[in-house]
Number of protein chains: 2
Amino acid sequence: MSKQPVDLARPAELDDCRVPLVAEPLTASQAERLAPSYKALGDPVRLRLLSLIASHEGGEVCVCDLTDAFDLTAPTISHHLKVLKEIGLVTAERRGTWVYYQACPAALDLLSTVLSVPQEAGV
Amino acid sequence: MSKQPVDLARPAELDDCRVPLVAEPLTASQAERLAPSYKALGDPVRLRLLSLIASHEGGEVCVCDLTDAFDLTAPTISHHLKVLKEIGLVTAERRGTWVYYQACPAALDLLSTVLSVPQEAGV
DNA sequence: AGTCAAACTAGACGCATGTCGAAGCAACCT
DNA sequence: AGGTTGCTTCGACATGCGTCTAGTTTGACT
């Protein structure tokens with residue numbers, strides 16, 4: 001394992017990133033911590049994977065169901081899930097033969113907050 | 001100009017993308033229209049550029065000010081600004097000698113909305 | 001043990017991307 | 001006109017990334 005998860009949910013690491021980008025300029029280090037997360041969302045397959053996981057009732061999805069939803073090989077799906085996992089947007093849990101993925105709402109919420117536009121800014 | 005701006009502000013093109021990713025699975029076409037925008041944010045330099053522009057009072061920034069904020073050459077900054085412009089996150093306007101960039105709040109808001117997590121989802 | 005299926009890892013291949021130096025445009029000056 | 005500054009385009013280079021095939025691990029079931 002070359003990279004370890006960034007863990008967007010951990011306050012100590014990223015609470016100082018929880019500021020709308022519109023409110024004040026991001027520092028270089030804030031930008032460097034946030035950019036990889038947006039990059040992870042910058043692939044259509046990963047966006048759909050995350051959405052499939054996050055919107056699934058029960059809050060988790062088996063890999064086999066995810067693989068079926070795409071015209072891609074299993075290793076490719078596995079690779080994308082690994083990216084999402086390492087960035088802290090999802091977690092994985094093995095139960096018997098199958099592996100289930102869950103979304104991390106806190107991580108999503110942080111990324112949403114950074115892009116949010118206050119009302120008075122005139123959307 | 002090889003690509004033209006995606007224009008995230010145009011309702012006809014992207015209003016059907018204005019749905020939280022957590023609410024229901026993104027379709028393939030939705031994901032393919034949204035992913036390039038997140039990819040554009042997936043670089044620390046572009047994130048900071050966008051933040052510098054969006055948070056600047058007056059709502060616009062001259063390129064020269066942006067270039068000074070980084071340890072990069074002018075062509076590189078220009079390249080990143082072009083990416084942000086083509087994706088519809090900023091607009092550019094020349095006034096005399098200088099070029100000013102403005103942020104597009106509507107585009108930002110869309111990307112924020114897609115990542116937003118409803119309260120009851122338990123952040 | 002042997003087998004099968006689910007999922008991941010390893011390695012390879014081609015395309016995309018970030019960066020730079022050099023050159024080109026555009027607008028302002030003498 | 002000529003020169004200067006601000007910004008962009010062009011072309012090149014190294015690196016990164018998405019995808020695949022082939023092989024490996026993990027667990028369940030005979």
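Residues numbered from 1 in each chain as written. Chains lettered and ligands numbered in written order. Predicted model: local features only at pLDDT ≥ 70, side-chain atom pairs only at ≥ 80, totals over all residues. Heavy atoms only, no water.

1. Some remarks on the protein's contact with DNA strand D
Stage number 1. Inspection of the region around DNA strand D gives 23 residues, with A:Arg46, A:Thr76, A:His80, B:Cys64 and B:Tyr101 positioned closest.
Stage number 2. Within 4 Å of the protein, atoms of DNA strand D come from sugar and phosphate in 78% of cases.
Stage number 3. In this structure, A:His80 approaches DNA strand D through a side-chain N or O atom, which is 2.3 Å from a phosphate oxygen.
Stage number 4. Between DNA strand D and the protein, one listed contact pairs a phosphate oxygen with a side-chain N or O atom of B:Ser78 at 2.9 Å.
Stage number 5. Going through the elements one at a time, helix H5 (74-86) of chain A together with helix H4 (63-68), helix H5 (74-86) and strand S3 (98-103) of chain B are the ones with two or more residues in the surface near DNA strand D. (Near = heavy atom within 4 Å. Polar contact = N/O pair within 3.5 Å; in protein donor to acceptor, adjacent residues only side chain to side chain. Helix = DSSP H or I, 4+ residues; strand = E, 2+ residues; numbered from the N terminus.)

2. Digging into the relation of the copies chain B and chain A
Stage number 1. Once chain B has been moved 0.0 Å along the axis and rotated by 180°, it coincides with chain A to within an RMSD of 0.0 Å. Expressed as a symmetry operation, the mapping of one chain copy onto the other fits a two-fold axis. (Least-squares fit on C-alpha atoms with pLDDT ≥ 70 in both.)

3. Some points on the sheet that holds strand S2 (residues 90-95) of chain B
Residue and element names in this part refer to chain B.
Stage number 1. Here three strands make up an open sheet; going across it, the order is S1-S3-S2 and the pairing antiparallel. What marks the edges here is a single partner per strand, and that holds for strand S1 (60-62) and S2. Between one strand axis and the next, the sheet turns through 30° on average, direction left out of account.
Stage number 2. Pairing of S1 with S3 involves three bridges; the strand directions are antiparallel. Across the sheet, Cys62 pairs through a bridge with Tyr100, a residue of S3.
Stage number 3. Along the sheet, helix H3 (residues 44-55) contacts S1, S2 and S3; its crossing angle with S3, the most-contacted strand, is approximately 90°.
Stage number 4. In the packing of H5 onto the sheet, the strands contacted are S2 and S3, and the crossing angle to S2 comes to about 120°. (Pairing = 2+ DSSP bridges. Axes fitted to C-alpha atoms, helices over the stretch in contact; angles between N-to-C directions. Contact = heavy atoms within 4.5 Å.)

4. Comments concerning the protein's contact with DNA strand C
Stage number 1. For DNA strand C, the set of nearby residues contains 22 residues, the closest of which are A:Ser78, A:Tyr101, B:Arg46, B:Thr76 and B:His80.
Stage number 2. Taken together, the sugar and phosphate atoms account for 84% of what DNA strand C places within 4 Å of the protein.
Stage number 3. One of the side-chain nitrogen or oxygen atoms of B:Arg46 is found 2.8 Å away from a phosphate oxygen of DNA strand C.
Stage number 4. At 3.5 Å from a phosphate oxygen of DNA strand C is found a side-chain nitrogen or oxygen belonging to B:His79.
Stage number 5. Looking at the surface near DNA strand C, the elements that each hand over two or more residues are helix H4 (63-68), H5 and strand S3 (98-103) of chain A together with H5 of chain B.
Stage number 6. It is H5(B) that contributes the most residues to the surface near DNA strand C, four residues altogether.
Stage number 7. Per-class residue counts for the surface near DNA strand C are nine nonpolar, eight polar and five charged. (Nonpolar A, V, L, I, M, F, W, Y, C, P; charged D, E, K, R; others polar.)

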